[in-house]
Amino acid sequence: MAGTVVAVSRSKEHTFTKPTEESITLLAGLGVEGDAHAGVTVKHRSRVAQDPTQPNLRQVHLLHTELFDEVVSAGYVVAPGEMGENVTTRGVDLLGLPTGTRLRLGEEAVVEVTGLRNPCLQIDNYQRGLLRQVVGRDEHGEVIRKAGVMGVVLTGGVVRPGDTITVTLPAEPHRPLEKV
């Protein structure tokens, strides 16, 4: 399985949206250089309030453009970086990957997928009703999260739009993604 990096984004501030960039640099064990969420320990404000010593399993947020295609049918328009992701992808079923999948982004960078993004009410502040489009329930009443995946940087490197994404699955048995 392979895909493409569509866009890359970062923000030095804790903002919901992130401006797109020509490139971003991933730093091993830290995240996106110059991004407010980079660090060894948690940087998301709600998680810092709970326990600032927790490991940062959310160093990089990846979101698939296929979600943008899906929400447009409900009347929403979303562009890369607008849902706070660092890497916008196409062609990889991010939500279907098992925990521990490694994504090579471009020539060098490797991100290990840690889990699903747990979207919050900020999405509705951005576009009213959008949260219902990215979180739902299946036929068994289980919560379905569609707002992308989170990961940690194993190997640093520069990532640019147009870079290839190469997927390496972990050894079986695979563990499904859970919220992180």
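Located above this text is the structure these notes cover.
Here we summarise the structure given alongside this text. (Residues numbered from 1 in each chain as written. Predicted model: local features only at pLDDT ≥ 70, side-chain atom pairs only at ≥ 80, totals over all residues. Heavy atoms only, no water.)

### What to know about the overall build of the chain
Next up, step 1: A count of helices and strands for the chain gives four helices and 13 strands.
Next up, step 2: Radius of gyration (C-alpha) of the chain: 15 Å, near the 16 Å computed for a compact globule of 180 residues.
Next up, step 3: Its C-alpha atoms put the chain at 35 × 35 × 30 Å along the principal axes.
Next up, step 4: Taken across its 180 residues, the chain has 44% of its residues classed as buried.
Next up, step 5: Taking as baseline every contact in the chain between residues at least 6 positions apart, the subset at least 24 positions apart corresponds to 69%.
Next up, step 6: Just so you have it, the chain exposes about 9,000 Å², and 49% of that area is on carbon and sulfur atoms.
Next up, step 7: Within the chain, the 22 negative side-chain charges are centred at a point lying 6 Å from the centre of the 19 positive side-chain charges. (Helix = DSSP H or I, 4+ residues; strand = E, 2+ residues; numbered from the N terminus. Rg over C-alpha atoms; globule rule 2.2 N^0.38 Å. Buried < 20%, exposed > 50% of the residue type's maximum accessible area, 1.4 Å probe, protein only. Contact = heavy atoms within 4.5 Å. Areas by Shrake-Rupley, 256 points an atom, 1.4 Å probe, with all protein chains shown as cover. Lys, Arg positive; Asp, Glu negative; His and termini not counted. Charge placed at Lys NZ, Arg CZ, Asp CG, Glu CD.)

### Thoughts on the packing of aromatic side chains
Next up, step 1: Overall, the coordinates contain one aromatic pair when judged by the stated rule.
Next up, step 2: Summarising the aromatic geometry, the rings of Phe-16 and Tyr-126 are spaced 5.6 Å apart at their centres and angled 40° between planes, so their arrangement reads as tilted. Of this pair, Phe-16 sits in the loop between strand 1 (2-9) and strand 2 (20-21) while Tyr-126 sits in helix 3 (residues 122-126), placing them 110 residues apart in sequence. (Phe/Tyr/Trp six-rings, centres within 6.5 Å; stacked < 30°, edge-to-face > 60°.)

### Details of the sheet that holds strand 3 (residues 24-27)
Next up, step 1: Judged by pairing direction, the sheet is antiparallel, and its three strands sit side by side in the order 4-3-12 without closing on themselves. Each having just a single partner strand, strand 4 (31-32) and strand 12 (157-159) make up the two edges of the open sheet.
Next up, step 2: Bridge analysis of strand 3 against strand 4 gives two bridges, and the strand direction is antiparallel. Along strand 4, the bridge assignment pairs Leu-27 with Gly-31. (Pairing = 2+ DSSP bridges.)

### Overview of helix 2 (residues 65-72)
Next up, step 1: Along helix 2, the positions that sit buried rather than exposed are Thr-65, Leu-67, Phe-68 and Val-71. Across the axial projection of helix 2, the buried residues extend over an arc of 145°, all falling on one side.
Next up, step 2: Buried residues along helix 2 sit in contact with strand 1, strand 5 (60-64), strand 6 (87-90) and helix 4 (130-134). (Arc of directions from axis to C-beta.)

### Concerning the nonpolar core
Inside soluble globular proteins, nonpolar side chains tend to come together where they are buried.
Next up, step 1: Counting 23 residues, the largest nonpolar core has Leu-26, Val-60, Leu-62, Leu-103, Leu-105 and Val-159 as the members making the most contacts within it.
Next up, step 2: Elements supplying a minimum of two residues to this core: strand 1, strand 3, strand 5, strand 7 (102-105), strand 8 (109-116), strand 11 (149-155) and strand 13 (164-168).
Next up, step 3: The biggest single contributor to this core is strand 8, with four residues.
Next up, step 4: For Val-159, the contacting residues outside a window of four places in its chain are Val-5, Val-8, Ser-23, Ile-24, Leu-26, Leu-105 and Ala-109.
Next up, step 5: Residues Leu-67, Phe-68, Met-83 and Leu-131 belong to the second largest nonpolar core, which totals 13 residues. (Core = buried A, V, L, I, M, F, W, Y, C linked by side-chain atoms within 4.5 Å.)

### Focus on the side chain of Gln-59
Next up, step 1: Looking at the secondary structure, you find Gln-59 in the loop between helix 1 (45-50) and strand 5.
Next up, step 2: Residues within four places of Gln-59 in sequence aside, it is in contact with Gly-29, Leu-30, Gly-31, Val-32, His-37, Gly-39, Asn-86, Gly-151, Val-152 and Val-153.

### Comments concerning the pattern of salt bridges
Next up, step 1: Under the defined criterion, the tally for this structure stands at six salt bridges.
Next up, step 2: A salt bridge links Glu-21 to Arg-10; its shortest N-O distance comes to 3.7 Å. Remark: Arg-10 occurs in the loop between strand 1 and strand 2 and Glu-21 occurs in strand 2; sequence separation between them is 11 residues.
Next up, step 3: Residue Arg-10 is classed as partly exposed on the basis of its relative accessible area, which comes to 24%.
Next up, step 4: Note that Asp-69 is salt-bridged to Arg-90, the shortest N-O span being 3.0 Å. Here Asp-69 is found in helix 2, whereas its partner Arg-90 is found in strand 6, with 21 residues between them in sequence.
Next up, step 5: Judged by its relative accessible area of 36%, Arg-90 falls in the partly exposed class.
Next up, step 6: It is possible to trace a salt-bridge network through shared partners that takes in Glu-66, Asp-69 and Arg-90. (Salt bridge = Lys/Arg side-chain N within 4 Å of Asp/Glu carboxyl O.)

By themselves, these figures tell us nothing about what the structure is for.
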